[in-house]
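Examination of the molecular architecture
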Amino acid sequence: MDSPDNVLPEVSVIIPSSDESSTIQRTILSVKHIQPPLEVIVVCPGLTSRTTRHAHAAGAKVIHSYALITYDEARALGALHAKGETVLFLEEKNSTSKALLNNIIDASRKGWDLVLTAYSSSPTKRKQSAQRLAARLLNHMSGKTELEAASMCFAPYALNKNALKKIGHQMLCTPPLALACAVEQGLSVTTVTPPTTWRRYAGKHSAMKKQTQLILREHAEAICYLMQDKGQRAGLPDGGRFRVLLQAPELLHLRSVFNQEPGEREVDGWGAKRKAKRSSPKKAGRRAHKQLRKK
């Protein structure tokens, strides 16, 4: 399946896998429909594992980490050895439709630097996961609200060689930070909508899979990266706030400034108000006359 040595592949497919994967051969064969020249790179920890044997039998190139790593770190290691103009990242068990893969590759060929899979929630699922909410917040703060909850934490997605060179393959170890860096570098990012019948493979418990707490921490790191470059509000407008009023004396608190109404004045106690006494012109005249008589 791999292209000849004298012909550079157009697409490099990176598949991170555990040592005892029972689906790796099926995953490799599922990408054969992609037009050649094509190379498939499988990244796994063990040298003599079942994954290695099955991947070689399917015609893939196998890279060993010789240590237990996460799926994201495996993708970064595979990207280091990729030679294709487009680098496509898949899950260990590829449940992706052929149409979705073709659309991602076509978008990359049209010039998009980074192509993500759009998030499509299940009709029966009312609440988004914490990871998706964190991804949505990061995209909003980076000014890419059109991405919604799409993220590099979820394959499939694709990068071209230009994008990979700018952000660096090591950045793929931390996908939220890689996405923030791509936006900061001015790379073009888009999403491809999957078929309505497609559902993402949740994956079984694996030592290579990151825990939710770690993924949220990585999103926080990416948000800090944006704030360092764009300020505390990540470049977003401050609205109609007058933050200089925070420096006002204690007696002149914000509520007295914004909620002061005609005929009212502040008295002791937070927020306490008392109606100001208003005298009619007739009473004012009588009071002035009494004062003159006293004099």
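These numbers were taken from a predicted model, which means no experiment stands behind them.

The rules behind each value
Residues numbered from 1 in each chain as written. Predicted model: local features only at pLDDT ≥ 70, side-chain atom pairs only at ≥ 80, totals over all residues. Heavy atoms only, no water. Helix = DSSP H or I, 4+ residues; strand = E, 2+ residues; numbered from the N terminus. Contact = heavy atoms within 4.5 Å. Areas by Shrake-Rupley, 256 points an atom, 1.4 Å probe, with all protein chains shown as cover. Buried < 20%, exposed > 50% of the residue type's maximum accessible area, 1.4 Å probe, protein only. Pairing = 2+ DSSP bridges. Axes fitted to C-alpha atoms, helices over the stretch in contact; angles between N-to-C directions. Polar contact = N/O pair within 3.5 Å; in protein donor to acceptor, adjacent residues only side chain to side chain. Expected span 1.5 Å × (residues − 1). Core = buried A, V, L, I, M, F, W, Y, C linked by side-chain atoms within 4.5 Å. Salt bridge = Lys/Arg side-chain N within 4 Å of Asp/Glu carboxyl O.

**With respect to the overall build of the protein chain**
Tallying secondary structure elements over the protein chain gives 10 helices and nine strands in all. Sequence separation of 24 or more characterises 70% of the internal contacts of the protein chain that already satisfy a separation of 6 or more. Per element, the accessible surface of the protein chain, about 17,000 Å² overall, is 53% carbon and sulfur.

**Observations regarding unusual backbone geometry**
The omega angle of the peptide bond from Ala155 to Pro156 is 5 degrees, so this bond is cis rather than trans. Structurally, the position occupied by Pro156 is in the loop between helix H5 (130-141) and strand S6 (157-160).

**Some words on the environment of Ala67**
Within the secondary structure, Ala67 sits in the loop between strand S3 (61-64) and helix H3 (71-81). Among the residues examined, Ala67 registers a relative accessible area of 39% and is labelled partly exposed. Distance from Ala67 to Cys44, taken between C-alpha atoms, is 8.8 Å for residues 23 residues apart in sequence.

**Overview of the sheet that holds strand S5 (residues 114-117)**
The strands making up a sheet associate through hydrogen bonds between their backbones, and the pairing can be parallel or antiparallel. Strand order across the open sheet formed by seven strands is S3-S2-S1-S4-S6-S5-S7, with mixed pairing between neighbours. The sheet is open, and its two edges are formed by S3 and strand S7 (189-192), each paired on a single side. Taking the axes of each pair of neighbouring strands and ignoring which way they run, one obtains an average angle of 20 degrees across the sheet. Sheet analysis places S5 next to S7, joined by four bridges and oriented parallel. Residue pairing for S7: Leu114 is matched across the bridge by Val189.

**Some points on the environment of Pro195**
Looking at the secondary structure, you find Pro195 in the loop between S7 and helix H8 (212-230). Linking Pro195 and Ser120, residues 75 residues apart in sequence, is a C-alpha distance of 9.2 Å. Ignoring sequence-local partners within four residues, the contact set of Pro195 consists of Ser97 and Leu100.

**Here we look at the environment of Thr212**
Take Thr212: it is sitting in helix H8. In this structure the C-alpha to C-alpha distance between Thr212 and Ser129, which are 83 residues apart in sequence, comes to 9.7 Å. Here the side chain of Thr212 touches Gln131 through a polar contact of 3.3 Å, side chain to side chain.

**Remarks on H5**
It helps to recall that an α-helix has 3.6 residues per turn; residues three or four apart then point in one direction. Taking 1.5 Å of rise per residue, the 12 residues of H5 would be expected to cover 16 Å, and the 17 Å separating its terminal C-alpha atoms lies within 8% of that figure. Downstream of H5 by a residue or two, Gly143 has a phi angle that is positive, lying close to 85 degrees.

**Examining the nonpolar core**
Formed by 32 residues in total, the largest nonpolar core has its most connected members in Leu114, Met152, Leu159 and Leu172. When contributions to this core are tallied by element, the ones reaching two or more residues are strand S2 (38-44), H3, strand S4 (86-89), S5, S6, helix H6 (161-167) and helix H7 (175-184). Top element by residues in this core is H7. It accounts for five residues. Of all hydrophobic cores here, the second largest spans 25 residues; its members include Ile28, Ala58, Ala60 and Leu100.

**Some details on the pattern of salt bridges**
For the structure shown, the criterion picks out seven salt bridges. The closest approach of N and O atoms between Asp72 and Arg75, which form a salt bridge, is 2.9 Å. Here Asp72 and its partner Arg75 are both found in helix H3, three residues apart, which amounts to about one turn of the helix. In this structure, Asp72 and Arg75 share a single accessibility class: buried.

**A look at H3**
Within H3 the residues assigned to the buried category are Tyr71, Asp72, Ala74, Arg75, Ala76, Gly78 and Ala79. Against the buried residues of H3 lie strand S1 (11-16), S2, S4, S6, H6 and H7.

**Section: the pairing of S6**
Alternating residues of S6 divide into Tyr157 and Leu159 and Ala158 and Asn160, and every residue in both groups is buried. Looking at chain direction, S4 and S6 are connected through four bridges and run antiparallel. Looking across to S6, one finds that Leu88 is bridged to Ala158. Pairing analysis gives two bridges linking S5 to S6, with the strands arranged antiparallel. Looking across to S6, one finds that Leu114 is bridged to Leu159.

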